[in-house]
Amino acid sequence: MWDIDKIKAYLEENLTESRYIHTLGVIETAKALASINKIDLEKAEIAALAHDVAKNMNIETMRQIIEEHNIKLPYETLKTPELWHSIIAPIIGEEVFQIEDRDILNAMRWHTTGRENMTTLEKIIYMADMIEPKRSFQGVEELRKATFENLDKGFIMALNHTINYLLNKGFCIDVNTIEARNFIILNNK
Ligand SMILES: [Fe+2]
Ligand SMILES: [Fe+2]
C-alpha cells in the first residue's frame, strides 16, 4: 500500500519547483472532477500526485529503464522522449511507491497520449493535467467549463485541441491519441 508522505518526499527530491506546483494543481482539479464523477477521491489524489514523478528524469535514464523492462512501444512513441515520463511513471509507482491499483497505475501511464477505452479515473487525470489552474492556453477556459459539465465532452474537446495543435506544429500524432478519439466519438452517445 502506498504512503503519501513517501511519495511527496520523493517528488520534492526529484521534481523542479514549478513541476511540483503543477502537480498540486493537478491534485486539486483531479479531486474536484473525481467528486463530480463519483470516483474515489484518494485514488484520484494518488494518481495525480504521482503522474509526473519521472518528468524531470534524464532521457538516458528513462531509455535504460524502458529497455530493462523490455517495454514494447509504437515507433512514434519511441521517437518522442517527451512521452517517456508517462511510461516510467507506473514503474516507479509500482516499484518505489508500492502502488498496486491498476487503475491508478494506468491513469499515470496514459496521462500524456490518452488511449482507447479509458476508465473514468484515466480521463480525470488526463483532463486535470491539461486544465489545472496554472495552465494557460487559448481555449483553456472553455475546456475547463466543458470538462466540469461533462467529462467525456471535455475529453473530446481536449483530444481535438491536442490533435489540432500537433497538426499545426507539424508534429507527429501518437497512435494512442487517434485511438482515444476514435473510441470516444464512436461510443459517446
Ligand atoms: Fe506529464
Ligand atoms: Fe503533468
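Rules used throughout
Residues numbered from 1 in each chain as written. Chains lettered and ligands numbered in written order. Predicted model: local features only at pLDDT ≥ 70, side-chain atom pairs only at ≥ 80, totals over all residues. Heavy atoms only, no water. Donors = N, O, S within 2.8 Å, 3.2 Å for Na, K, Ca; no water. Tetrahedral: all angles 85-135°; square planar, octahedral: opposite > 155°, others 65-115°. Buried < 20%, exposed > 50% of the residue type's maximum accessible area, 1.4 Å probe, protein only. Salt bridge = Lys/Arg side-chain N within 4 Å of Asp/Glu carboxyl O.

In the nomenclature of an unreviewed UniProt entry, the protein chain is known as bis(5'-nucleosyl)-tetraphosphatase (symmetrical) of Clostridium gasigenes.

(A) Local environment of the coordination of the iron ion (ligand 2). At this site the iron ion (ligand 2) is bound by His22 (NE2), His51 (NE2), Asp52 (OD) and Asp129 (OD), with donor distances of 2.1 to 2.2 Å. One way to put it: the four donor atoms around the iron ion (ligand 2) meet at angles of 85 to 177°, and that makes the site irregular. Read N to C, the donor residues that coordinate the iron ion (ligand 2) are spaced as H-x28-H-D-x76-D. Between the iron ion (ligand 2) and the iron ion (ligand 1), both coordinated by Asp52, there is a metal-metal distance of 3.4 Å. Neither His51 nor Asp52 differs from the other in exposure class; each is buried.

(B) Quick peek at the coordination of the iron ion (ligand 1). Taken together, the protein ligands of the iron ion (ligand 1) are Asp52 (OD), His85 (NE2) and His111 (NE2), with distances of 2.1 to 2.2 Å. The sequence motif formed by the donor residues of the iron ion (ligand 1) is D-x32-H-x25-H. Classification of His111 as buried rests on a relative accessible area of 2%.

(C) Representation of the pattern of salt bridges within the structure. Under the criterion given, the structure shown has eleven salt bridges. Glu94 is paired through a salt bridge with Arg102; the nearest N and O atoms lie 3.6 Å apart. Assessed through its relative accessible area of 47%, Arg102 is described here as partly exposed. Here Asp129 makes a salt bridge to Arg135, at a shortest N to O gap of 3.4 Å. According to the relative accessible area criterion, Asp129 is buried, its value standing at 11%. Because the salt bridges share partners, they merge into one network encompassing Lys145, Glu149 and Lys153.

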